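# Observations on the three-dimensional arrangement
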Amino acid sequence: MRLLVTKFGGTSVGSAEAIRGLTAITTTNRTTWDHVVVVVSALSGVTDKLLNIVRVAQTTGDAAAVAALHAELRQRHHDVIGELLDAEQAAIQAEIDGLLDECARLCEGVRVLGELTPRTLDAIAGLGERMSARIVAATLRHLGVPAQHFDASDLIVTDDRYQDASPLMPETTERTTATLGPILDQGITPVVTGFIGATLAGVKTTLGRGGSDWSAAILGAALEASEVWIYTDVDGVMTADPRIAPDAHVISTLSYNEISELAYYGAKVLHPKTIRPVVERGIPLRVKNTFNPSHSGTVIVGKTEPIVGAIKAVTAIHNLTMITVAGRGMLGVPGIAARTFGAVAREDASILMISQASSEQSICFVIPDGGAKRVVESLNQELAIELERRDIDTIALEEGVSIITAVGAGMRGTTGVAKRVFSAIGDAEINVIAIAQGSSECAISLVVSGDSAKAGVRAIHALTYRETINAQHRPPCE
Ligand SMILES: Nc1ncnc2c1ncn2[C@@H]1O[C@H](COP(=O)(O)OP(=O)(O)O)[C@@H](O)[C@H]1O
Ligand SMILES: N[C@@H](CC(=O)OP(=O)(O)O)C(=O)O
């Protein structure tokens, strides 16, 4: 039994025309696969709008402003429904109104109390997907495709880390197969909300911004899908963000390792956690374009054939802070690194990159901009004795930096990749603040100032064309 899980992102459901495209794609997919599951994000921009409404409610207490923002969202959804539906139009509009009333009630509580809990934030943030899933399922039915919407809060069981929840896979698998199995057997296409889940106690959670890709992979793993296809607004994973490097082109094949590095270091096209559920089961992932569905896109599998040229793609992540802990007295003193990272963890900051001087006289690491000052305060407390004794001279902070990452499994064992990357960066007169290369040897990361990041991406991207490294005879890369 071949089952395909497809996910459509915000732009793919962002207008009546895009939803029509989705339904045409789904109709075709249903002819070539035994079963098809559709996972949808909120209409483009809706999650941001929902988060904005609740923040306005909390910070201004302005009931009229909140009501106006709700009316705007209601109108947008009603307009789309008006264009797409006929017989079910009134019923679906009523369902959307019900969900937006739920939002209004939650916002009113926030407005009156002036307090916004993480739970409330997740209940509101997930409403966009709950609206879009209903619209998409009804549109499929309108076109004669048997379809039914499902809230993933009834399928994906998560921990209670609101805004950043993770699935509990055994419980998720049990619920998903029990609920969707009989539906699929009846030939019905489930249209499932991306982005959301719920705790065992039934409290709604979200999987983190951009998390609908991950939802599709989680459902794919739970249902033992043959493949998971992520439909977006570009032809596949490209050699760079096309908004930064207009000459970027689609990469036909990537390994799980390569896409993990790209996604982790800022390639927005795929949520970094999407790989996790599929990699263990070896389920291929494909990234395709809703607006150009005949393009084969990018396929992501365990091993890829080596390419001529070691660098396959380059990406960047912005708005970061680099913190450096340095001092001659650190040399050979055990435990400084552990205490440094312990202090960072206590502030709940995630470290994107670490680099340590081989002399052990400094450790530097990069974290997102927000919260960096708290991390430095925490480090000052943790390392107070060493600072007092002058074993540590400085705990310095450099805000507004970016990490540029060049990715390609073929760089393993290939001499001179770092040299070419640094030459390209040097030729562009960009100063490298720090470097790191993971043990996978699949990526090289450079820290540069934020205002030189785009030029750095373009300079390294130019290498992906020039590369003529003799990589043809290497074994498949992971
Ligand atoms: N390496 C890359 N390849 C393709 N797209 C990329 C890359 N890096 C960044 N992007 C951006 O990611 C966007 C798609 O991600 P996103 O907007 O989250 O889509 P969706 O709403 O479909 O989930 C593309 O429009 C593109 O601008
Ligand atoms: N709607 C959510 C989840 C998501 O994944 O959206 P998209 O597929 O449009 O990136 C968000 O904006 O974060």
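Presented here is a report on the structure given in the accompanying data block. (Residues numbered from 1 in each chain as written. Chains lettered and ligands numbered in written order. Predicted model: local features only at pLDDT ≥ 70, side-chain atom pairs only at ≥ 80, totals over all residues. Heavy atoms only, no water.)

### Some points on the site of ligand 1
- Looking at ligand 1, there are 17 residues lining it, with Thr 232, Asp 233, Met 238, Arg 243 and Lys 268 nearest.
- Gly 10 is positioned with one of its backbone polar atoms (N or O) 3.2 Å from an oxygen atom of ligand 1.
- The contact in question runs from a nitrogen atom of ligand 1 to an N or O atom on the backbone of Met 238, over 2.8 Å.
- When isolated, ligand 1 has an accessible area of 580 Å², and the protein chains bury 88% of it.
- Here the shell around ligand 1 is composed, by residue class, of seven nonpolar, five polar and five charged. (Near = heavy atom within 4 Å. Polar contact = N/O pair within 3.5 Å; in protein donor to acceptor, adjacent residues only side chain to side chain. Areas by Shrake-Rupley, 256 points an atom, 1.4 Å probe, with all protein chains shown as cover. Nonpolar A, V, L, I, M, F, W, Y, C, P; charged D, E, K, R; others polar.)

### Here we look at the sheet that holds strand E9 (residues 285–289)
- One open sheet holds the eight strands; their spatial order is E3-E4-E2-E1-E7-E9-E10-E8, and the pairing between them is mixed. Both outer strands of the open sheet, strand E3 (147–150) and strand E8 (253–255), are each paired with one neighbouring strand and no more. Direction aside, neighbouring strands of the sheet carry axes that sit 20° apart on average.
- Where strand E1 (residues 3–8) meets strand E7 (residues 227–232), five bridges bridge the pair, whose relative direction is parallel. (Pairing = 2+ DSSP bridges. Helix = DSSP H or I, 4+ residues; strand = E, 2+ residues; numbered from the N terminus. Axes fitted to C-alpha atoms, helices over the stretch in contact; angles between N-to-C directions.)

### Regarding the pattern of salt bridges
- A full pass over the atoms with the stated rule returns 23 salt bridges.
- For Arg 74, the salt bridge identified is with Asp 101, shortest N-O distance 3.4 Å. Linking Arg 74 in helix H3 (residues 63–84) with Asp 101 in helix H4 (residues 89–113), this pair joins segments that are 27 residues apart in sequence.
- Arg 374 serves as the salt-bridge partner of Glu 347, at 3.0 Å between the closest nitrogen and oxygen. (Salt bridge = Lys/Arg side-chain N within 4 Å of Asp/Glu carboxyl O.)

### Focus: the site of ligand 2
- Every residue lining ligand 2 is accounted for by Lys 7, Gly 9, Gly 10, Ser 41, Thr 47, Glu 129, Phe 195, Arg 209, Gly 210, Gly 211 and Ser 212.
- Here Ser 41 contributes a side-chain N or O atom positioned 2.6 Å from an oxygen atom of ligand 2.
- The side chain of Glu 129 places a nitrogen or oxygen atom 2.6 Å from a nitrogen atom of ligand 2.
- Contact with the protein chains hides 82% of the accessible area of ligand 2, taken as 340 Å² for the molecule alone.
- Classifying every residue of the shell around ligand 2 gives one nonpolar, seven polar and three charged.

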